[in-house]
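One letter stands for each residue in the lines below.
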Amino acid sequence: YIHLDQFAEPTPGIPDTNGKNPLKDKNVRHALSLALDRTAIVQRIMEGFAVPAADLLPSPMFGTRKDTPVEKVDVARAKKLLADAGYPNGFSITLGTPNGRCINDAKVAETIAALWTRAGVKTQIEASAPPVFFKNRDEHKYSAYLAGWGATTGEMSDPLRALVATPNRERGMGGTNKGRYSNPAVDAKLAEAMRTVDDEKRRTLLQEASKLAMDDHGILPLHFEVSVWAMKKGLTYTGRADQYTLAYLVAPAP
């Protein structure tokens, strides 16, 4: 996913907007999403070992929606949205990325930079070793950054709570929301879901909370990695959604 700074003004990494933070504008965030060719990233950079993403978790994980459409690339509409937001000539931005944390992360970032530049947002990347990247991210030194998330619970409340809930240390919310996105409607749905025991009611609340965040383009999902295990002949391993490789689960092939 890509996180966008929706708090600071001026925001680091955007030098040519007279101190204004364009990422606070939903039209700008939508334009950046429309500029992304997720299918091309999956096919060419991930070599098919990924699935284009429209949400923070793939269906059928708990709280996801089956009918969530993946946003199709539309450069012309992206340029129009930028113009409508007051940026007919676009602007410049630096995209932060780890180099070696997620699969092909720096290559994906380079592709995003080219796609955004094509739409009028002149993008350069700042690729760093993971420890440096995460330090910079935590210190809010990026206007935009590429990262990944693994939800070991398999429930939508996990990424919603970490990535899009309004940061609140006392409540344990938004701990990895370094773009500082904040939407009271999302927070309310999520809070209600987390205190709801009934599975179907909680599922619906999580679906609604996620839809609100996705419609607001508060965070831009890119793709879901498809994990690959290579085994010696005569051995087998059933892949896990949490991507763990546990030696005791390796078994003789039938």
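Treat the numbers as computed from the prediction; the structure is a model and nothing was measured.

Engineer: Could you clarify how one ought to interpret a nonpolar patch on the surface in this entry?
Structural biologist: A surface patch of nonpolar side chains, amounting to about 330 Å² of accessible area, comprises Phe-49, Val-51, Val-226 and Val-228. Here Phe-49 lies in the loop between α2 (38-45) and β2 (50-52).

Engineer: Sorry if this is basic, but what is going on with the side chain of Thr-123 here?
Structural biologist: Secondary-structure assignment places Thr-123 in strand β4 (residues 121-128). Under the relative-accessibility criterion, Thr-123 is labelled buried at 13%. The contact partners of Thr-123, leaving out residues within four places of it in the chain, are Ile-93, Leu-95, Ala-113, Trp-116 and Thr-117.

Engineer: Mind showing me how you'd approach the packing of helix α6 (residues 157-164) against helix α8 (residues 199-215) here?
Structural biologist: Packed helix pairs are specified by the crossing angle of their axes together with the interaxial distance, meaning the distance between the axes. At a minimum axis separation of 10 Å, α6 and α8 run at an interaxial angle of 35 degrees. Every pair of crossing elements has a handedness; the one defined by α6 and α8 is left-handed. Contacts between α6 and α8 involve Ser-157, Leu-160 and Val-164 from the first element and Leu-206, Ala-209, Ser-210 and Ala-213 from the second. Partitioning the contact of α6 with α8 into residue classes produces five nonpolar, two polar and no charged.

Engineer: Hey, could you run me through the sheet that holds β4 in this one?
Structural biologist: Pairing is mixed in the open sheet, where five strands are placed in the order β4-β3-β5-β1-β6. Edge strands, defined here as strands with exactly one partner in the open sheet, are β4 and β6 (219-220). As paired strands, strand β3 (residues 91-98) and strand β5 (residues 144-146) are joined by two bridges and run parallel to one another. The residue of β5 that forms the bridge with Gly-96 is Tyr-145.

What counts and how
Residues numbered from 1 in each chain as written. Predicted model: local features only at pLDDT ≥ 70, side-chain atom pairs only at ≥ 80, totals over all residues. Heavy atoms only, no water. Patch = residues over 30% accessible without salt bridge, like charges linked within 9 Å, V, L, I, M, F, W, Y side chains within 5 Å. Areas by Shrake-Rupley, 256 points an atom, 1.4 Å probe, with all protein chains shown as cover. Salt bridge = Lys/Arg side-chain N within 4 Å of Asp/Glu carboxyl O. Helix = DSSP H or I, 4+ residues; strand = E, 2+ residues; numbered from the N terminus. Buried < 20%, exposed > 50% of the residue type's maximum accessible area, 1.4 Å probe, protein only. Contact = heavy atoms within 4.5 Å. Axes fitted to C-alpha atoms, helices over the stretch in contact; angles between N-to-C directions. Left-handed = near helix turned anticlockwise from the far one by under 90°. Nonpolar A, V, L, I, M, F, W, Y, C, P; charged D, E, K, R; others polar. Pairing = 2+ DSSP bridges.

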